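Notes for the structure review
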Amino acid sequence: MKKVIVIYKSKYGFTKKYAHWISQELGAELREAEKTKASDLLDYDIIVYGGGLYAGGVNGLSLIVKSFPSIADKSLYLFTVGAADVNNETNISSIRRSLAKVLTPEMERKINIFHFRGGIDYPKLSFSHRIMMRMMVKMIQKKPEHELSNEDKDMLATYGQVIDFTDKSSIDTMINRIKSEI
């Protein structure tokens, strides 16, 4: 039986929720990224890393990037969690372009990447994130009605609220792929 670890970095709890579900489904150790050193990863056959999406980057991904030379022979999985609709190909393309700025081509080939939808907890947002969200809402409000996407309309309708799009069934494809290796 292969040893599996699920590591995550979560700012508002959505990534933590997915990491917990994945860990439970796999019977894997669950660990916060802040409590994990690169040397800790050497003991595992399958490494799953999850991070929230902020300003195009994946929270805490540097742990995997910096450790890659020593873990490249492991089975590697990355999941991102953000508020954007992951069924929208434009959103996925944007996430992938951002990842390509951080991951080498070898990393992109080696790491199995999945995207899950999280949410927004406006009352818990940091000051800087509240400002960014307010600026985004103002930009959306300036668009003519006929140019608003469904996502834009959802953003305007839910601004300031707690919105949770997490869906446990969305991890099924990743879980099945990992289980096929165990």
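Up top is the structure these notes are about.
Presented here is an overview of the structure given in this document. Throughout, a residue's number is its position along its own chain's written sequence, starting from 1. Totals for whole chains, interfaces and linings use every residue, but because this is a predicted model, local features are given only for residues with pLDDT of at least 70 and side-chain atom pairs only at 80 or more, for both listing and counting. In computing side-chain values, all of the structure's heavy atoms are included and hydrogens and water are not.

Here we look at the environment of F116
The helix and strand labels rest on DSSP assignments: H or I over at least four residues marks a helix, E over at least two residues marks a strand, and numbering proceeds from the N terminus. Looking at the secondary structure, you find F116 in strand β6 (residues 111-117). C-alpha separation for the pair F116 and K168, spaced 52 residues apart in sequence, amounts to 9.4 Å. By definition, residues are in contact when any of their heavy atoms lie within 4.5 Å. Aside from chain neighbours lying at most four places away, what touches F116 is Y18, I22, F79, T80, V81, G82, V86, S170, I171 and M174.

Examining the environment of H115
Residue placement: H115 occurs in strand β6. Sequence spacing of H115 and G82 is 33 residues, and the spatial spacing of their C-alpha atoms is 8.1 Å. Polar side-chain contacts of H115 include one of 3.0 Å to the side chain of R96. For this analysis, a polar contact is any N or O atom pair within 3.5 Å, provided that within protein one partner can donate a hydrogen and the other can accept it, and provided that sequence-adjacent residues contribute only side-chain to side-chain pairs.

Let's talk about the nonpolar core
With 30 residues, the main nonpolar core has I22, V48, F79, F116 and M174 as its most contacted residues. When residues of this core are traced back to their parent elements, those giving at least two are β1 (4-9), α1 (14-26), β3 (46-54), β5 (75-82), β6, α5 (127-142) and α7 (172-179). When residues of this core are assigned to their parent elements, the largest contribution, six residues, is made by α1. When neighbours within four sequence positions are excluded, V48 is seen to be in contact with V4, I5, V6, I7, I22, Y77, F79, M174 and I178. Definition of nonpolar core: a set of buried residues of the types Ala, Val, Leu, Ile, Met, Phe, Trp, Tyr and Cys, connected through side-chain atoms within 4.5 Å. Burial status follows relative accessibility: with a 1.4 Å probe on protein chains alone, a residue under 20% of its type maximum counts as buried, one over 50% as exposed, and anything between as partly exposed.

As for the pairing of β6
Most of β6 is tucked away, with seven of its seven residues classed as buried. Residues of β6 alternate between two faces, with I111, I113, H115 and R117 on one and N112, F114 and F116 on the opposite face, all of them buried. Pairing between strands is defined by DSSP: at least two bridges between the two strands are required. Of the strand pairs in this sheet, β5 and β6 are connected by seven bridges, and their pairing is parallel. In the sheet register, V81 faces β6, and the bridge partner there is F116.

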